[in-house]
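# Close look at the chain arrangement
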Amino acid sequence: MQSDAVDNSGVKYVSHPLIRPGSLEERKYQIAIAVHATEDNTLVVLPTGLGKTAVALLVTAMRLRACGGKILMMAPTKPLVDQHLKMFSDKLIEPDGDREAMGSGFALFTGETPTDERKEMWKSSRVIFATPQVIKNDIIAGRYSLKDVSLLIVDECHRAVGNYAYVFIAEEYMKTGKNPLILAMTASPGSKEEKLMDVCYALSVKIVETRTEENADVKPYIHEREIKYVDITLPPELEHAVIDLKKLLEMRLTGLGELGYIVPSADKLTMAALNSINVQIQRKIAERNTDAFLAASVHAEIMKIRHAVTLAESQGSEILKAYLNKLSAEGMSPSGTKASQRLCRDEIFISLLKETDGWEYELLPKFGKTFELVSTQLEEYPESRIIIFANYRDTVVALCDYLVKRGIDARKFIGQASKDSVKGLTQKKQIETLGEFRDGVFKVLIATSVGEEGLDVPSTDLVIFYESVPSEVRSIQRKGRTGRHGSGTIYVLITKGTTDETFTHVSRVREKAMTKGIRSLSATAASGGFIVTTPMSGLGSGNGTADKGQNAGLHNVQHIGQSSITVFTGVNAENGTAVAGAHQDNPVPLVIADDREGSSKVVEALHRSGISMGFERLEFGDYAIGDRILVERKTARDFTDTLVERDLIGQIKRMADAAIKPVLIIEGEDLYTQRNLNPNAIRGALCAIAIGMGVSIFYTKTPEETADLLYVMAKREDNSTEGGLKSPHFHKTYRSKREQLEYIVSAFPGTGLKNARILLGHFGSIENIVNATEEELRAVSGIGEVSAKKIYETARERYPEF
């Protein structure tokens, strides 16, 4: 790694065969980190603006030069992925060698990229940029493997905990990669040492490279960031509203105390205290204490009221008014929860609701102060870019409208999901919005947390926190949006005497703790204190081998079981090998998972079992096994919630009508203690499902047990043969001609038992159905245009020759 000639401004540039001349400024700390990162799996912690992506580019160039292969870079959001793609395509030169085997060019993978295109793009591309869930789903579905990836880059790696897709992908990569190397990057790994260790464990990290703004080699590149705290006074109207809300809290906390629960006062009701109360309640529910269900409902009331206090203190009168009206609507609805109904009957709540409905304009001065800061900045520096962060989408929308009405060209930047009346932004619209912001089409961006991570807008020189955040990770991410390429200013709006002040203090303490934890982690790594292993679990794990030094401690766990299970699973329980009829190399997936199940631990466990899987959008059920079985998976809590709040019976019936063998799996502990329901109501629902609909019901305790059950079902179904071929029909002795006719008609695509009965009742025979025109089929009540077309075309389809 050398320097190019110095340009007119005295800036030196990196010289490398795979980096475009004059495109990447030489920074010695970046080069030092990159060189070290080529030695083993590395966690890089750099303050925002110091060039984590530049380090990734350097490591990519060195890795491609040294050993070729493919590069996979992941980031949690499409705008961030798109940003990385633009930087790499501008600065990276592809190597000439092994293009035929490894492909060439750059590719962008997101959930919007069609499945077939992703498979072909993976083969033909050298450097792939992707959101992690897409990669996880593709690996599970067997569309491609990570064996040829020579470098896996994990951006915003502090997310690599729990069930986040990064964890699964890293484990899979270390297991299957021929020459694996992981580069993990973040500016804010968190303040808790155990979380830092969890991230390192999940990503098999052996080296930790850190820099702070105090390090001598980075000081020349630090731009001044001035943080100013602006005190906001809570107006009398909102102060009175908070007093009323705290009265409501105190009454409910007193009630819980009288039931024997340990509770704090309303002024000391933190989230930790709320969680402690919930633990006590759940313990009582497990003991079948009848009062515990009432306590759980009161706890739900307390959560709603506390949220209202937060809105009053930090967000403003209009946001509070909208929330209270939403609670009132819930309480008045027949389907509303008991907590909402009870709260809306409270005289204090009724009086407060009436008072808020009389507010005609925003009372909290934060809106006005934000307008003052923004307009002053744009008057003095017309080319400025300004980002305003707010916790709640309603605040973002209201603040955007407020500024626009006062002549400020502002746009909102929110997530994709649509909530209540606020429509989300598609990934395409998010990228378009950021592009226009960078280009100066508008000057003010108002964002929720979706705008906090990694977005680089060079001219952003003012950031406003509409409220404080207690998370050190989010606070650092927000601050990092300015001061990246020049000096910047950060304003934090704090409502005096409220949680805003508390959160400001908490964030400062946690940021200091995080810095201390990073130093400790780095010292541990430097002393060789890391022993990182990646244990595998589940049926039929891979061989777990990898290059020396890349996967220390990796081990293989084989499934152990009684030999008699072989006939059901198609696997020899002693050595994990396939037995006759198991069709291990069958390219047809044995299990199809609904594509919304991609983040489930069940699909991860199924993948580890070695079974062939695919993803599709299923109209009914969560999993399809062969042509006969549809499986609906419900956690015990989801089962009871759907029974009370949604149409559980209707949902299961629709699945039962569409499947020859419908299955319901209820996952989790004691179904009868999830909610305050009469046990006979639950038993009645189970009887209706099992007896009335013919649905087989199974119980499991964990997602892993659910996966094991699905595995056995799939292997048993795959082994179901007749004359060497799987029978297309369910082996059943029909007791009537009616059932035979219904079964034949229900086999038409998209028909099912319900529509089969409608068609037979209308036409009288299969002959008449088959001979009917598409218009005649469509005219039958309950048969839609799509179903009519499928029946008509299938009846006339010629049997293809092999």
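Since this is a predicted model, take the numbers as computed values, not measurements.

## What to know about the overall build of the protein chain
Looking only at helices and strands, the protein chain features 30 helices and 21 strands. Taking the contacts inside the protein chain whose residues are at least 6 apart along the sequence as the reference set, 69% of them involve residues at least 24 apart. When the accessible surface of the protein chain is summed, it comes to about 37100 Å², and 51% of that surface belongs to carbon and sulfur atoms.

## A short note on the pattern of salt bridges
Any two side chains of opposite charge can pair if their charged atoms end up close together. Inspection of every chain in the model, using the stated rule, returns 38 salt bridges. Residue Arg118 pairs with Asp138 through a salt bridge whose shortest N-O separation is 2.7 Å. With a gap of 20 residues between them, Arg118 in helix α5 (residues 115-124) and Asp138 in helix α6 (residues 132-140) connect regions that are remote in the sequence. With respect to burial, Arg118 and Asp138 carry one shared label: buried. A salt bridge links Arg596 to Asp594, with the nearest nitrogen and oxygen atoms 2.7 Å apart. Residue class for Arg596 comes out exposed when judged on its relative accessible area of 52%. Here the salt bridges do not stand alone but share partners, grouping Lys136, Glu171, Glu604 and Arg608 into one network.

## Structural notes on the sheet that holds strand β19 (residues 629-635)
On the basis of which strands lie adjacent, the open sheet formed by 6 strands has the order β17-β16-β18-β19-β20-β21 and mixed pairing. This sheet does not close on itself; its edge strands, each paired only once, are β17 (613-616) and β21 (696-700). Adjacent strand axes in the sheet meet at a mean angle of 25 degrees, parallel and antiparallel pairs treated alike. Across 4 bridges, strand β16 (residues 591-594) lies against β17 in parallel orientation. The residue of β17 that forms the bridge with Asp594 is Glu616. Where helix α23 (residues 648-658) meets the sheet, its contacts fall on β19 and β20 (661-667), and the angle it forms with β19 comes to roughly 160 degrees.

## A look at helix α12 (residues 317-332)
In this model α12 runs 22 Å from its N-terminal to its C-terminal C-alpha over 16 residues, within 8% of the 22 Å that 1.5 Å per residue would give. Three or more residues of α12 are buried, namely Ser317, Ile319, Leu320, Lys321, Tyr323, Leu324, Leu327, Ser328 and Gly331. Of the surrounding elements, those touching the buried residues of α12 are α9 (236-258), α11 (291-315), α13 (338-344), α14 (347-357) and α16 (393-405).

## Remarks on unusual backbone geometry
Despite not being glycine, Glu156 has its phi angle at roughly 55 degrees, a positive value. According to the relative accessible area criterion, Glu156 is buried, its value standing at 3%. Despite not being glycine, Ser204 has its phi angle at roughly 55 degrees, a positive value. Looking at where Ser204 falls in the secondary structure, it is placed in the loop between α8 (193-202) and β9 (207-210). Residue Ser204 is classed as buried on the basis of its relative accessible area, which comes to 2%.

## Observations concerning the sheet that holds strand β15 (residues 488-495)
The 6 strands lie next to each other as β10-β15-β14-β11-β13-β12, forming an open sheet whose pairing is parallel. In this open sheet, the two edge strands, each paired with only one partner strand, are β10 (225-232) and β12 (410-413). Averaged over all pairs of adjacent strands, the angle between their axes in this sheet comes to 20 degrees, without regard to strand direction. The pairing of strand β11 (residues 385-389) with strand β13 (residues 444-447) spans 4 bridges and is classified as parallel. For Ile387, the partnering residue across the bridge sits in β13 and is Leu445.

## Things to note about the nonpolar core
In terms of nonpolar packing, the biggest core is built from 78 residues, with Leu320, Ile388, Leu403, Val444 and Ile446 touching the most fellow members. Broken down by element, the residue count for this core peaks at 10 residues, all from α11. Excluding residues that lie within four positions of it along the chain, Leu320 makes contacts with Leu238, Ala241, Leu245, Ala308, Leu311, Ala312 and Trp359. Ranked by size, the runner-up nonpolar core spans 59 residues in total, among them Met74, Ala202, Leu606 and Met713.

## Quick word on a negative patch on the surface
A cluster of acidic side chains, namely Glu669, Glu704, Glu705 and Asp708, defines a negative patch on the protein surface. The residue Asp708 is located in helix α25 (residues 703-718) in this model. Given the relative accessible area of 35%, Asp708 is considered partly exposed.

## Quick look at the packing of helix α2 (residues 52-67) against helix α3 (residues 78-91)
Relative orientation of the contacting elements α2 and α3 amounts to 50 degrees, with a least axis distance of 11 Å. With respect to α3, the axis of α2 lies oblique. Once α2 is placed against α3, the crossing between them reads as right-handed. Counting all contacts with α2, which are made through Thr53, Ala54, Ala56, Leu57 and Thr60, the residues of α3 involved are His84, Met87, Phe88 and Lys91. Partitioned by chemical class, the residues of the contact of α2 with α3 number 5 nonpolar, 3 polar and 1 charged.

## Considerations on helix α10 (residues 271-286)
Over its 16 residues, α10 extends 22 Å from the first C-alpha to the last, a length consistent with the 22 Å expected when each residue adds 1.5 Å. Of all the residues in α10, the buried ones are Ala273, Leu274, Ile277, Gln280, Ile281 and Ile285. For α10, the arc enclosing every buried residue in end-on projection is 140 degrees, short of the 170-degree limit, so these residues lie on one face. Away from its buried face, by an angle of more than 90 degrees, α10 presents the exposed residues Ala272 and Ala286. The positive-phi residue at the C-terminal boundary of α10 is Arg288, with phi of around 65 degrees.

## Quick word on the packing of α9 against α11
Between two packed helices, what matters for the description is the angle formed by their axes and the separation of those axes. Two numbers describe how α9 lies on α11: the axes approach to 9 Å, and their chain directions differ by 160 degrees. Taken as axis vectors, α9 and α11 run roughly antiparallel relative to one another. With respect to the hand of their crossing, α9 and α11 are arranged in left-handed fashion. Where α9 approaches α11, its residues Leu238, Val242, Leu245, Lys246, Leu248, Leu249, Arg252, Leu253 and Leu256 are matched on the opposing element by Ala295, Val298, Glu301, Ile302, Ile305, Arg306, Ala308, Val309, Ala312 and Glu313. Residue composition of the contact of α9 with α11, grouped by class: 14 nonpolar, no polar and 5 charged.

The rules behind each value
- Residues numbered from 1 in each chain as written.
- Predicted model: local features only at pLDDT ≥ 70, side-chain atom pairs only at ≥ 80, totals over all residues.
- Heavy atoms only, no water.
- Helix = DSSP H or I, 4+ residues; strand = E, 2+ residues; numbered from the N terminus.
- Contact = heavy atoms within 4.5 Å.
- Areas by Shrake-Rupley, 256 points an atom, 1.4 Å probe, with all protein chains shown as cover.
- Salt bridge = Lys/Arg side-chain N within 4 Å of Asp/Glu carboxyl O.
- Buried < 20%, exposed > 50% of the residue type's maximum accessible area, 1.4 Å probe, protein only.
- Pairing = 2+ DSSP bridges.
- Axes fitted to C-alpha atoms, helices over the stretch in contact; angles between N-to-C directions.
- Expected span 1.5 Å × (residues − 1).
- Core = buried A, V, L, I, M, F, W, Y, C linked by side-chain atoms within 4.5 Å.
- Patch = residues over 30% accessible without salt bridge, like charges linked within 9 Å, V, L, I, M, F, W, Y side chains within 5 Å.
- Lys, Arg positive; Asp, Glu negative; His and termini not counted.
- Charge placed at Lys NZ, Arg CZ, Asp CG, Glu CD.
- Parallel < 35°, antiparallel > 145°, perpendicular 65-115°, else oblique.
- Left-handed = near helix turned anticlockwise from the far one by under 90°.
- Nonpolar A, V, L, I, M, F, W, Y, C, P; charged D, E, K, R; others polar.
- Arc of directions from axis to C-beta.

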